[in-house]
Each structure stands twice: as C-alpha cells, then as structure tokens.
Amino acid sequence: MATLNSQIPTGPLSEKWEKHKFSSKLINPANKRKYKVIVVGAGLAGASASATLAELGYEVHNFVFHDSPRRAHSVAAQGGINAAKNYQNDGDSVHRLFYDTIKGGDYRAREANVHRLAEVSVNIIDQCAAQGVPFAREYGGLLDNRSFGGAQVSRTFYARGQTGQQLLLGAYSALNKMIGAGGIKSYTHSEMLDLVVVDGHAKGIIVRNLQTGEITRHSADAVVLATGGYGNVYNLSTYARGSNVTASWRAYKRGACFGNPCYTQIHPTCIPVSGDYQSKLTLMSESLRNDGRIWVPKRKEDCKKSPADIAEGDRDYYLERMYSAFGNLAPRDVASRAAKYVCDEGRGIGDTGLGVYLDFADSIKRLGEGKVRERYGNLFAMYHEITNEDAYKTPMRIYPAVHYTMGGLWVDYNLMSNIPGLFVLGEANFSDHGANRLGASALMQGLSDGYFVLPSTITTYLANVKAGGRPATDRGEFQQAEEEVRNFTRRVTTNNGKRSPDSFHKQLGKIMWDYCGMARTETGLQKAIQLIGDLREEFRATVNVLGEPNGLNQSLEKAGRVADFIELGELMCRDALMREESCGGHFREEYQYTSNDPEVQQGVVNTGDVKRRDDQFAFVAAWEYAGAPDKAPILNKEPLIYEEVKMSTRSYK
Amino acid sequence: MNLLQRVWRSSLGKKYLMALTGLALFGFVVGHLVGNLQVFGNPELINSYAHFLKSKPGLLWGARLGLLATVAVHVGAALALSAANKAARPVAYSGGSAYGSSWRSRYMLVSGLVIMAFVVYHLLHYTVQLSPVNGVKGGLDFHSLTTRLADGTQVQDVYAMMIHGFQVGWVSLFYLIAQALLFIHLGHGLSSMFHSLGLRNHVWGPRIVAFAQVASLAVFLGYASIPVAVLTGMGGDYVKNLKKAPTTTIETLR
Amino acid sequence: MKVSLKVWRQKNANAAGEFKTYASPELNPNMSFLEMLDVVNEELSNQGEEPIAFGHDCREGICGTCSLVIDGKPHGPHKGVATCQTYMRSFSNGDRIVIEPWRAKAFPIIKDLVCDRKAFDRIQQAGGFISVRTGSAPDANSIPVSKENADLAMDAAQCIGCGACVAACKNASAMLFVSAKVSHLGLMPQGQPERYKRVKAMVDQMDTEGFGACTVTGSCEAVCPKEISLDFIARMNRDYAVALIQGDPKQVVGGGAG
C-alpha cells in the first residue's frame, strides 16, 4: 500500500496557505541554481511553472512533444478564467468562489486546495494583465467580466472566445523570456516515455525525440508533470488529437497513485457526431448558454421535422423546466445528463437522434442580430464551417462530449505525488475539481498551480535534497528505464501485425463511451473491463506500426499512447465500478434520486439527479499499480474531511 | 554600429531605403512629366525650359548626380532584397502559387529592371543624343537641331528633337511599354512605400491604395500622351518645315 | 465522393522528396480534410505503405500545428480557417488535390508534410514578451487599457503561429507573424517600456533566421486563418524605424548596493 499524506496545513481554512508558505523552508538564492528541475509539458501549468521556477533561479529543463511550446491544448479553451476580484460589485469573494467550486465539484474535492485556488485566483489576473494578455475591456479601460458556467456572479475574465489561447500565449511569453535569458532549456518534439525513480525518489525521465527518434536520459532534482488530461481515452472528445496520458501513466507504473480516474467531464455544448470517420468533437463555448435556449420537441414524432415547423407550444425547454433557478446555465454535468435523458427518450434531433437544439431566436429578437454577432460571431462562424448551417436562422444542434478529466495523479497539498520529487500540476493532477469542474475553472487551476503554488511548495521537497546531488544518468535505474522504452519500440515496429493503432483507439473509445460514459452500471462496467482486457491482448499481438523508429513516425507515437490509454481505460472502469454512488461527472444508474426519495418530494432535486453516498464514498480513490497490467490495481483511500463546508445535496432547482 | 550600417544590414532598413528613394524618384517622374508636357504648348515653351535647365550646370549636374545615387540605392537595395527573398523561398509550389497577392506586386523586379533599361536608352537617346540609337530614317544628329528663342538666344531645338524622336515607331513603342511598366511599378510602389515607412492604418490604408491607383494612372496617361500625339501628327508640319529650311529661325516660322 | 491526391512524400530532412498519387476511398462530404487524410492513411497502413506524416493537433483551428498547402493555397480553399477546418464539401467528386508542405528555407521539412517551425519560437525568445516577474504585477485594474487598443491588440494577438503567412509569401517573409506579436504588445500600455527594444530584437532575429522581406503582395493576409491585417506590418515598420534611429541604449556599468 502507498502512503498518502495530504500534508494539509492545520489552522483555519482561510489561513492555511499563508501559514504554509511561512512555515515552508526557503532555499538560499545562490543555491537555487544548483537544483535542476524537469518540467514536462508547456500548457498553462507547465509553461507558467517553468517560467516562474526559472525566475526564482532554478535550472529548468522543459519538454514538450509538440513542435513548439505554444501548442498545448490549453490554447483551445474558449470561455474564460474565474477570479474572485469582485470588480462587478455583485457579491463575489474568495469564499464564494471557494464555495461554488466545492459545491460544483459535488463535495469530492479537497477543501484546503480549493480555498487556496480561490485565494490565488486574484493574483493570476494581475499577473496575466501585466504580461499583456488582451482581456476584454469596458469603455473606461477597466476589465470586463461575464457570468459563466453555472455561476450567479460575473467573475469570469475573457479575451473574446479565445481566453485559453491568450493566457497560454502569456505563459508562453514568460517561458520565452526565460529561455532567452538562459534560465530554461527548451526541448521540443520531445516526448517523455518513462519516469526514472532512484531510491524511491523521482530523479529523471526518458525522452524520445520525435524528430530523430533518438532516446535520451535526463536526470534532475525534481520532476514536474504538467501533461494535461486523459479524455482522449474516449477517442472522440474535445481534446487535441495529440493529448495523451503517457507521461502520467508511465509515472503511475513507476508507483505514483492515480486519483479518481473515473471522474470525467462531459461538456453539454458540442457539435454532434456526424459519422464514423469522426476524429474530433468541437466544443461550442458554454458562454452560448447565456443567450441560447436549449430545447427538444415534446413529441418523438416531431424530431425529424424542421425546427421552424415545431410550434412554440410543442417545444420542451427542458433545462428551464427542470432547473428553474439556473435554467440553461445549469452546471455542465447536470446539463449533459439532461440532454442524454431526452435523447434516450427518443426526443433527440438530427440524423443520429443524438442532439438537442440551442436556439438563439429569442436573443436575436431581444438584442438584435448585430449584438448576438458581436458576442458570438466567431462561434457562429465556426459552427457554420463545420455543419454548413446558419445558426442565426436555424437553431444550433449540440450534444455532450468528453471535455475534461477531473481525475489524475494523486498529489498532496504541495502538489507532490506519493513518489517524492514528482510534482503534478494542472489537469494532470486530481486535486481541485472534485467530481465535476465548473466552467472557467480549468484555466484558473493550471495557472494557479504553475505561477503561484508549485514555485512555493517545491521548496518543501528541494530544501531537503542536497544541492547538486542528483544522480548520474549512467545509473542502473536510467539504463533499465531506457531499455524498457527501447523494447516497446522494437516490439511494435517488428510486430508485423494487421491493425493500425488508430483502429484500436476507435474501438477503445467506443467501449469507454458505451460503458463508462455519461451513465454507468455495474454490469456495463464489468463487461467493459473484460472487453478492454481482450483489447489489450489483441493490441499486443496485432498492432501494426509501419516505418522506421529512427525519425518522425506518427504511428509509433500513437501506438505508445494507445497502449497506455487501453490500460488506463481499464483502471477508469474499475474506479467507476468501485464507486457505488453518483457524484458530479460520475453517474451510476443504480444511484439516482427517484420519486420515492424525500429530497425529490421536497422539491430539492429532480428524479434522475445524482445520488451521493457521503457516508461511504467521501474519499479520494488513489489507485496503485500492482506490477503488471493484468493484475488488479490496489485501492488506497484518502478520506475527505470537510472542516468548513457541510456536505449537502447539490441542488440547482 | 552607425545608422547607415544598421539600416543596410536589416531587411526593414533596406525597405525604408527603397521607399525613400522611390519617393524621390516619383518626385522626379512627376517633375519630368510636367516639364515634358510643355511640348503641347508653343515650341518655344519647352525650348526655353530646356535652355533654362542647361544654363544652370551646377543645379543640373547636382540633380543628375543626386538622381543617379538615388537610382543606385533603389536598385541596389532591390537586388539585395530580391536575392534574399529568392533564397528564403527556394522551392516553388506545384499546385499553383501566389494566392491572394496583387498581380502588380509580383512584377516589381521585372518592371523595375525593364524601366531601368529603358532609362539607359532614354538617356542615350535624348540626353547624350547618341545618333545611332535614335533610329531616325536616313540618320539625324539631334545636336544639329537648333533654334532661336524670342530674345534671340541660339538654343537646341528640343521640341523638334522630341517630334523626330517619337516619329520613329519602335522608339514610341518602347517608350509606351516602359510607361506601362512604370504604371504597374508605381501602382504597387506608391502604396507599399507608405506601408514600408509605417504610414498606414485601417483608415488610411484604402486611401493610400486609391491614391496609388490614381497617381500611377495619371503618370501613365501624361507620359503616353506625348508619343501618341506625335504619332497622330502633332508637330509633323513643324519638323517638315525644318527639313525644307534647316536654318529656319523662329521669326521665319512666324 | 472520391478524390485523387497528389502528395509530397519525403522520408526525412535530407532525403529528396517526390510527389506520389493516391486514390481516396469513398468519402463523406462532411469529413474534415484531415479526417480524409486519416482515412487515406488507414488504407495505406492496411496495404503496408507507411502513412503520410502531417502535422495536426487540436483540429479546431487554434493550435496552429496543421500546415498543408492545398492546391497551392496554404490552409486550403476557404478564407479565415486553418487546414483542420477545411471540409471535403469544398471539393467535388473526382477532384485531383495537390498537397504540399509549407515551403521556406527557414522551415526545413522534417518528413512528408511536416516542417520545422522553431524559427518562430526563436524570434519570440528574442523579445516577444513583457518582462514581468511572477508575483510582481500590480492590480489588474490599475493599468487601464482603452477598449479600442485592447480590441486592436486582440486582433493581432489572435495569431496562431501556424506559419501560413510565410508559406504563402513568395518571399517566405515572416513579417505578418512578427508584426502581429510586436503590435499586440506594442499596443498595450504594459508593453511600452520595452517597445522599441522588442521590435529591434525580433526583427533582427527574423532576418537571421533567413525569412524574406515584405513586398506587400498581400498573400499573407489572404491566407491567414485569423485574417490578421497587413496594417500591423506597417505598425511594426514604424516602430522599427524609431528603434533604428534611436540606436542602442547607453551601456550602464553597475555597482553593488551597500
């Protein structure tokens, strides 16, 4: 069993972070340069952490598999970033942001982490504005805000529909500044393929240069993973095609625990699937829900009609009907599940019947087309490009799609995993979003971890490490790790199999979506575990990678990533099977409110809403690798102790 | 590093030089046109103007050397830049090319070089007045064309020279081709000059483009009108009379 | 629908490349162009031929990885979109489509349709930032930015760094890219202290990388997936001229405090 110590500081919630910073050991500025830190990934978390650590004086080596450190998928976040600035004077505060995030996460996040996130949120906006991020402004030159993703205050800062891009470019510019100044060595087209653990501590990585195929060893005093989420396990998702779990997974296989892998966010407003060739689902920003109304026909028979031919009285604005207080702005998990229900009832629209309308007719009437164009013009254009439909004239068709994974490598309050010296940031860790993430919180968490948390907490580890004492790369642990990487490459490139890695990915994605998607059941999950086990064996025997390992080989890259996704998929199903409750993005059909429940009778929740079981499942499931892919992993539990907030039934009615 | 070195070493610096020398050359083109258009007036008008210019050798040679230097910088920067540009894009696309580019912009080097060749010829033709290049049937030394101004000063008969010169079909054709190329060159150059110097934004951009169109067309029409007028008969009687009486004076013409 | 593809294949940076022609299997007009390549690749793979390497990642037009010249036009036939947002409905049954990589000396080809754009990173490392240390920022609202400037800065900042401007330009000039970066930061009050130093450093690095000069042909603007305006180049030219005239700053010899 792994030892999990969450290292949450004692004392009142709102003082923990300050107190912790003060009680952490410092490192002499002259000594900092003797510590080398490897950062893998250059999304919001990775780039901001690299830049800040370098500013502090550490020797930073940054690795990305992309051709440039500016391409991580943070770049695609459209909506915005939350911060408890209360610039709108609408009653926001650090405490309210903290509370909304805890509640939004369905009481499955760590209180102390979330409170810190809310505290730091204000610094992030300052930092980004100073970097020149062109946030939206009011005419007076001050920052504009909007309400977003289930929040009842306007605390979201944004840069048109490209907030993620602008924040990422801000972090990238900070990274560039430090690369230019010599503080960071940047390795692009470099994929981390293994973690090297020496005497129980993370001390290096094995990297394949995707351009030359060269495999190299890198040692460091600490290793930071900021490698993003694993939603591509579903194959179809809003993730970039290259997003993968490999870095996290190899760390898991070296002993790092994987926290809450089954917590997956399904985003309610994506463009529906159009065919089996589909490689990617495109998100339409959640901000559209501010002005769009979601509906399906009341009667099945109307589903194939043109929406214009369905009378107002025959439309079911189901979110407004079910969740009158939040209406179309209900949180993501709630809105997604509601869409699934109406489609399961046979009331879905479009060719596949897997879609609902997002209608702007009322807003266009109220605000005029010009105003709607000003707010969402780029999104409407994007929708038109993909579907060939004009959303000013006819409602958009949307359907939920996999968008974010709340689970990830387990970390303590210092963002260190259970392997000393291995830190995990951003979406790659499990810590801040519980079982569901609120809109505009991911950007906040990535930057919080990178700019403010890690640079401060990494000293809790490094201060106890001898400066300049990192191991040489000719040690046995490095040799062995490199050999394993080479063995995998050799095996798949000489396999002479029949199936492409892509075909396995598709098959895995279908299993995951069918059995571990928006609704999960015990029998379904058991079946999925079986199917994935078979798939793993088939992959081993029949995967086909053409071309040379020495040089750019995209099939080889995919093969490695798909192999890891297959193993991860199985773990996700095991986690979902173990968690006999519903919470946030994890919905077990066996655990939902029915008309017999008093909460439904009192009108707090709807039938079909998620039913948490706090008495038994108020814990973080941290899974530990048992040494072989076919051996059942070991479950470790970190109890979630709430000091400030009372766990209650999450109601959006 | 001094300013000149800094300017020459950077690609943008060379663009500034192109723009500034281009502006100066445009100034010359306009000035020269205004001078030449006097051919549409009384012959004395242009003859006295030409005489006035020649009577100030300091000014004339100053201007000539200045222009020569300007041309040298303009052409030198153009050649250096285009060599660098070619090196930057060594392989062309096979599926078509230059999408979205304005057609005039693609012929700047070609149009510029042909114009330069024309200018060399033009100088030999009318400034150096090298007889073998003027193509007049039976041979004619332009130096031999003289006349007297109203005040009696003996001057070169520039008017007659122009008429004789443009009566030669191929000379006028070459002249017109060069003017057409200048039209292309200026149509792009005049607007991108502002662009290179950074004097353009979303308000002034379209205005500058319109200015370039109008100005380049005006220059073309102005210059082209001279050979066209000569070929359609202007001054024909004047030079016919000259042939009959090679020593004609202004008085006798009156 | 079916199409035939004439695709540039090149084993590695040093190998000579050549065009190869492939017939596509049956396609759906709603497929994206890259999904069409996925399908073709799956078929090639099943036939034992190495799949075509092409750059792609987000497939929603924002990461800037995809980089195909389709029938001579970077990012394909539509205006204001990246390759990944090009759909097969823009082509007709039986079309022959020529697919080539970005071509520029500063963007050497790595393999097939993938080129190396690190030159862009190096330009930004030379000065494409505002030097602000984490933690040292003043309150965000203490620096007002006029809405006009913020909007204009955003127009420039939208650049996705794909390099289509370089690919389209007959001179392989990176001016649109560099000017977008320079203008974004130069338009913000936060960017003023380093404004001239920045433009000087970035343009000089751009020259060093071997990009050509701007001849204002307008190709770059025409193919830019974010439709970034040529006006930004003019803006940069202005700033660079000021930087050239100003010259290098005076060297300061420092002494220790205390």
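Residues numbered from 1 in each chain as written. Chains lettered and ligands numbered in written order. Predicted model: local features only at pLDDT ≥ 70, side-chain atom pairs only at ≥ 80, totals over all residues. Heavy atoms only, no water.

Draft legend 1. Structural view of the sheet that holds strand β12 (residues 293-297) of chain A. An order of β11-β15-β14-β12-β13 (chain A) is seen for the five strands of this open sheet, with the pairing classed as antiparallel. Either end of the sheet is taken by a strand with one partner, and the two such strands are β11 (264-270) and β13 (315-316) of chain A. (Pairing = 2+ DSSP bridges. Helix = DSSP H or I, 4+ residues; strand = E, 2+ residues; numbered from the N terminus.)

Draft legend 2. View of the sheet that holds strand β4 (residues 73-74) of chain C. Residue and element names in this part refer to chain C. Across the sheet, which stays open at both edges, the five strands sit in the order β2-β1-β5-β3-β4 with mixed pairing between neighbours. On the outer flanks of this sheet lie β2 (18-23) and β4, each paired with one strand and no other. Across six bridges, strand β1 (residues 4-9) lies against β2 in antiparallel orientation. Opposite L5, over in β2, you have Y22 as the bridge partner.

Draft legend 3. View of the interface of chain C and chain A. Taken together, the 78 residues of chain C in the interface contact 77 residues of chain A. Taking both partners together, chain C and chain A bury about 6,100 Å²; carbon and sulfur atoms supply 50% of that area. Between the two partners, chain C and chain A, sit four salt bridges. K85(A) is paired through a salt bridge with D139(C); the nearest N and O atoms lie 2.9 Å apart. Run the count over chain C and chain A and you get 43 residue pairs in polar contact (both at pLDDT 80 or more). Contributing elements (two or more residues each) for the side of chain C that touches chain A: α1 (33-46), β6 (109-111), α2 (118-127), α3 (147-157) and α5 (175-187) of chain C. Ranked by residues supplied to the side of chain C that touches chain A, first place goes to α3(C) with eight residues. When the residues that make up the side of chain C that touches chain A are grouped by side-chain class, the tally is 31 nonpolar, 24 polar and 23 charged. (Contact = heavy atoms within 4.5 Å. Buried area = accessible area lost by both parts, 1.4 Å probe. Salt bridge = Lys/Arg side-chain N within 4 Å of Asp/Glu carboxyl O. Polar contact = N/O pair within 3.5 Å; in protein donor to acceptor, adjacent residues only side chain to side chain. Nonpolar A, V, L, I, M, F, W, Y, C, P; charged D, E, K, R; others polar.)

Draft legend 4. Representation of empty space enclosed by the protein. For the structure shown, the criterion picks out 14 cavities of 30 Å³ or more. What the second largest cavity holds in volume is close to 410 Å³. Those elements that place two or more of their residues in the lining of the second largest cavity are α14 (501-516) and α16 (554-578) of chain A together with β7 (114-115) of chain C. Ranked by residue count, the leading element in the lining of the second largest cavity is α16(A), at six residues. In terms of residue class, the lining of the second largest cavity is built from seven nonpolar, ten polar and eight charged. (1 Å grid on protein atoms, 1.4 Å probe; cavity = no way out; pocket = protein on both sides within 12 Å on 5 of 7 lines; lining within 4 Å. Points joined across faces, edges and corners; volume = space filled by probe spheres on them.)

Draft legend 5. Representation of the interface of chain B and chain C. Each side of the interface is counted separately: chain B has 38 residues, and chain C has 49 residues. For the interface between chain B and chain C, the tally reads one salt bridge. We note a salt bridge from D231(C) to R200(B), for which the minimum N-O separation is 2.9 Å. Where chain B meets chain C, there are 26 residue pairs in polar contact (both at pLDDT 80 or more). Of all elements in the fold, only α1 (3-9), α2 (11-36), α4 (57-88) and α7 (169-196) of chain B reach the threshold of two or more residues within the side of chain B that touches chain C. For the side of chain B that touches chain C, the leading source of residues is α2(B), giving five residues. Tallied by class, residues from the side of chain B that touches chain C come to 14 nonpolar, 18 polar and six charged.

Draft legend 6. Quick peek at the pairing of strand β6 (residues 190-198) of chain A. Residue and element names in this part refer to chain A. Most of β6 sits out of view: eight of its nine residues are buried. Relative to strand β7 (residues 201-209), β6 runs antiparallel, the two being bridged by eight bridges. Across the sheet, the residue bridging to S190 is N209, located in β7. Between β6 and β7, which pair antiparallel in sequence order, lie two residues; one of them, D199, sits at a positive phi of approximately 50 degrees. (Buried < 20%, exposed > 50% of the residue type's maximum accessible area, 1.4 Å probe, protein only.)

Draft legend 7. Broad picture of the packing of aromatic side chains. Enumeration over the complete set of coordinates arrives at 39 aromatic pairs over all chains. A ring pair is formed by F33(C) and F91(C), whose centres lie 5.6 Å apart and whose planes are at 40 degrees; its orientation type is tilted. Of this pair, F33(C) sits in helix α1 while F91(C) sits in the loop between β4 and β5 (96-101); the two residues are 58 residues apart in sequence, bridging distant segments of the chain. Each member of the pair, F33(C) as well as F91(C), carries the same accessibility label: buried. Among the aromatic residues, those joined into a cluster by ring pairs are F118(B), Y121(B), Y126(B), F142(B), F166(B), W170(B), F174(B) and Y175(B). (Phe/Tyr/Trp six-rings, centres within 6.5 Å; stacked < 30°, edge-to-face > 60°.)

Draft legend 8. Summary view of the pattern of salt bridges. Applying the stated rule across the entire model yields 73 salt bridges over all chains. In this structure, D291(A) engages R366(A) in a salt bridge whose closest nitrogen and oxygen atoms are separated by 3.5 Å. Pair noted here: D291(A) is in the loop between β11 and β12 and R366(A) is in helix α10 (residues 361-367), with a separation of 75 residues, a long-range link. Owing to a relative accessible area of 8%, D291(A) belongs among the buried residues under this scheme. A salt bridge links E50(C) to K111(C); its shortest N-O distance comes to 2.5 Å. Taken as a pair, E50(C) in the loop between α1 and β3 (68-70) and K111(C) in strand β6 lie far apart in primary sequence, 61 residues in all.

Draft legend 9. Main features of the pairing of strand β8 (residues 215-219) of chain A. All names here are of chain A. One ladder, built from five bridges, connects β7 with β8; its direction is antiparallel. Among the inter-strand pairings, R208 is bridged to a residue of β8, identified as I215. Hairpin connection between β7 and β8: a loop of five residues separates the two successive antiparallel strands, and G213 in this loop has a positive phi of roughly 80 degrees.

Draft legend 10. A look at the nonpolar core. Membership of the largest hydrophobic core comes to 246 residues, with the highest contact counts inside it found for I81(A), Y318(A), L422(A), I458(A) and F211(C). Contacts of F211(C), omitting those with residues within four sequence positions, involve A88(B), A106(C), F107(C), A119(C), F120(C), I123(C), V166(C), N171(C), A172(C), S173(C), A174(C) and M206(C). With 45 residues, the next largest nonpolar core counts Y126(B), V133(B), F166(B) and I226(B) among its residues. (Core = buried A, V, L, I, M, F, W, Y, C linked by side-chain atoms within 4.5 Å.)

Draft legend 11. A look at the side chain of Q162(A). With respect to the helices, strands and loops of the structure, Q162(A) is situated in the loop between β4 (156-157) and α6 (163-180). Here Q162(A) falls in the buried class, since its relative accessible area comes to 6%. The residues touching Q162(A), leaving out its near neighbours within four places in the chain, are A77(A), Q78(A), N378(A), I62(C), M154(C), Q158(C) and K226(C).

Draft legend 12. Inspection of a nonpolar patch on the surface at higher detail. Residue and element names in this part refer to chain B. Among the surface-exposed residues, L79, L113, M116, V120, L124, V128 and L130 lie close enough to one another that they form a single nonpolar patch of about 520 Å² accessible area. Here the element with the most residues in the nonpolar patch is helix α5 (residues 108-127); it accounts for four residues. Along the chain, L124 turns up in helix α5. A relative accessible area of 30% places L124 in the partly exposed class. (Patch = residues over 30% accessible without salt bridge, like charges linked within 9 Å, V, L, I, M, F, W, Y side chains within 5 Å. Areas by Shrake-Rupley, 256 points an atom, 1.4 Å probe, with all protein chains shown as cover.)

Draft legend 13. Fine view of the arrangement of the chains. Contacts are most numerous between chains A and C, taken over all two pairs of chains that touch. Taking C-alpha atoms as the reference, chain A and chain B come no closer than 20 Å and do not contact one another.

Draft legend 14. View of the domain arrangement of chain A. All names here are of chain A. Per the domain assignment, the segments making up chain A are domain 1 (267-400) and domain 2 (496-639). Relative to domain 2, the C-alpha centre of domain 1 lies at a distance of 28 Å. Domain 1 puts twelve residues into the contact, and the matching count from domain 2 is twelve residues. Together domain 1 and domain 2 conceal approximately 860 Å² of surface at their shared face, both sides included; 55% is due to carbon and sulfur atoms. Counting the surface domain 1 buries against domain 2, the share from its top three residues, R337, K340 and Y341, is 49%. Where the side of domain 1 that touches domain 2 is concerned, the elements lending two or more residues are α9 (332-347) and β15 (396-405). In the side of domain 1 that touches domain 2, the residues fall into six nonpolar, two polar and four charged. (Domains from an automatic or database assignment.)

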